[in-house]
Amino acid sequence: MTDIVQSVTQAVDTYRERYYNLQEQDGNLEMEARFGKVDREGKSQLSLAAFDRVHTFLVKQPGIVSIMHQAEVSSMNFDEDSGSSNPRTIRRIRIPGSPEESWELKTKLGNKNHDKFGIRFGYSFEQEIESYPAEHFEPDIIRSYQRISFTKEDVCRIDLSIVSLPDDPIKSYEVEVEADPNILVSEKHRNLFAKYIVWIY
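Below, the structure is looked at part by part. (Residues numbered from 1 in each chain as written. Predicted model: local features only at pLDDT ≥ 70, side-chain atom pairs only at ≥ 80, totals over all residues. Heavy atoms only, no water.)

**Considering the overall build of the protein**
So, point 1. For the protein, the count of helices and strands is three helices and eight strands.
So, point 2. The helix and strand sequence of the protein, counted from the amino end, reads α-β-α-β-β-β-β-β-β-β-α.
So, point 3. For 201 residues, the compact-globule estimate of 2.2 N^0.38 gives 17 Å, and the C-alpha radius of gyration of the protein, at 17 Å, lies within 12% of that figure.
So, point 4. Counting only C-alpha atoms and orienting by the principal axes, one finds that the protein spans roughly 50 × 40 × 30 Å. (Helix = DSSP H or I, 4+ residues; strand = E, 2+ residues; numbered from the N terminus. Rg over C-alpha atoms; globule rule 2.2 N^0.38 Å.)

Shown next as structure tokens:
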């Protein structure tokens, strides 16, 4: 377990550096830990049994607030250069049954894979945008998900998602832990964040 804690510590150090470099910009820096391997198309290979195990663990934890929601997220590569080191995507988020939609520009800032543990730490910068011309929006991928989010105040949000893709009858299961910026200033919260990573692993 010491190796996992060291991996989390390194990830938080990277998060801290990028957070303070970007804090003057309008947007949200996200660091998340994703569990389980993914295939070449980015589809999670996490088993249903592992997904259920995490869910059972979280519902028993005190001081955690949960909420269920669903959405359809359409993403389009925004950069002509597909080999960009920081690829950007335009994302349209729709809620089933609602006429409203939201848009964001998401810039990937890098990943750190820990294959030994099946954990990947990802960093991205998200910016809300008013809209995007419909005639120019051609999604590269459309993902529909049902999600339950567990929030530990000032520490993290843990998303458990069941994901569907068009024309693919096989659903995938995702577990992601998104860090709260408060872990950067509170050792107590930082240690608890690390513990959640270890517990879920």
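Next comes the rest of the write-up.
**Focus: the packing of helix 1 (residues 2–22) against helix 3 (residues 187–200)**
So, point 1. Taken N-terminus to C-terminus, the directions of helix 1 and helix 3 make an angle of 130°; their axes are 10 Å apart at the nearest point. The orientation of helix 1 with respect to helix 3, classified from their angle, is oblique. As for the relative orientation of helix 1 and helix 3, their crossing is right-handed in sense. Contacts between helix 1 and helix 3 involve Ile4, Val5, Val8, Val12 and Arg16 from the former and Arg190, Phe193, Ala194, Ile197 and Val198 from the latter.
So, point 2. Classifying every residue of the contact of helix 1 with helix 3 gives eight nonpolar, no polar and two charged. (Axes fitted to C-alpha atoms, helices over the stretch in contact; angles between N-to-C directions. Parallel < 35°, antiparallel > 145°, perpendicular 65-115°, else oblique. Left-handed = near helix turned anticlockwise from the far one by under 90°. Contact = heavy atoms within 4.5 Å. Nonpolar A, V, L, I, M, F, W, Y, C, P; charged D, E, K, R; others polar.)

**Some words on the sheet that holds strand 5 (residues 119–129)**
So, point 1. What the eight strands build is a closed barrel, ordered 1-5-4-3-2-6-7-8; its pairing is antiparallel. Averaged over all pairs of adjacent strands, the angle between strand axes in this sheet comes to 35°, irrespective of strand direction.
So, point 2. In this structure, strand 7 (residues 156–165) lies alongside strand 8 (residues 168–179), joined through nine bridges in antiparallel fashion. Along strand 8, the bridge assignment pairs Asp159 with Glu176.
So, point 3. Contacts between helix 1 and the sheet are confined to strand 1 (28–35), strand 4 (101–114), strand 5 and strand 8, with strand 5 contributing the most and set at about 20° to the helix.
So, point 4. Along the sheet, helix 3 contacts strand 1, strand 5, strand 6 (141–152), strand 7 and strand 8; its crossing angle with strand 8, the most-contacted strand, is approximately 150°. (Pairing = 2+ DSSP bridges.)

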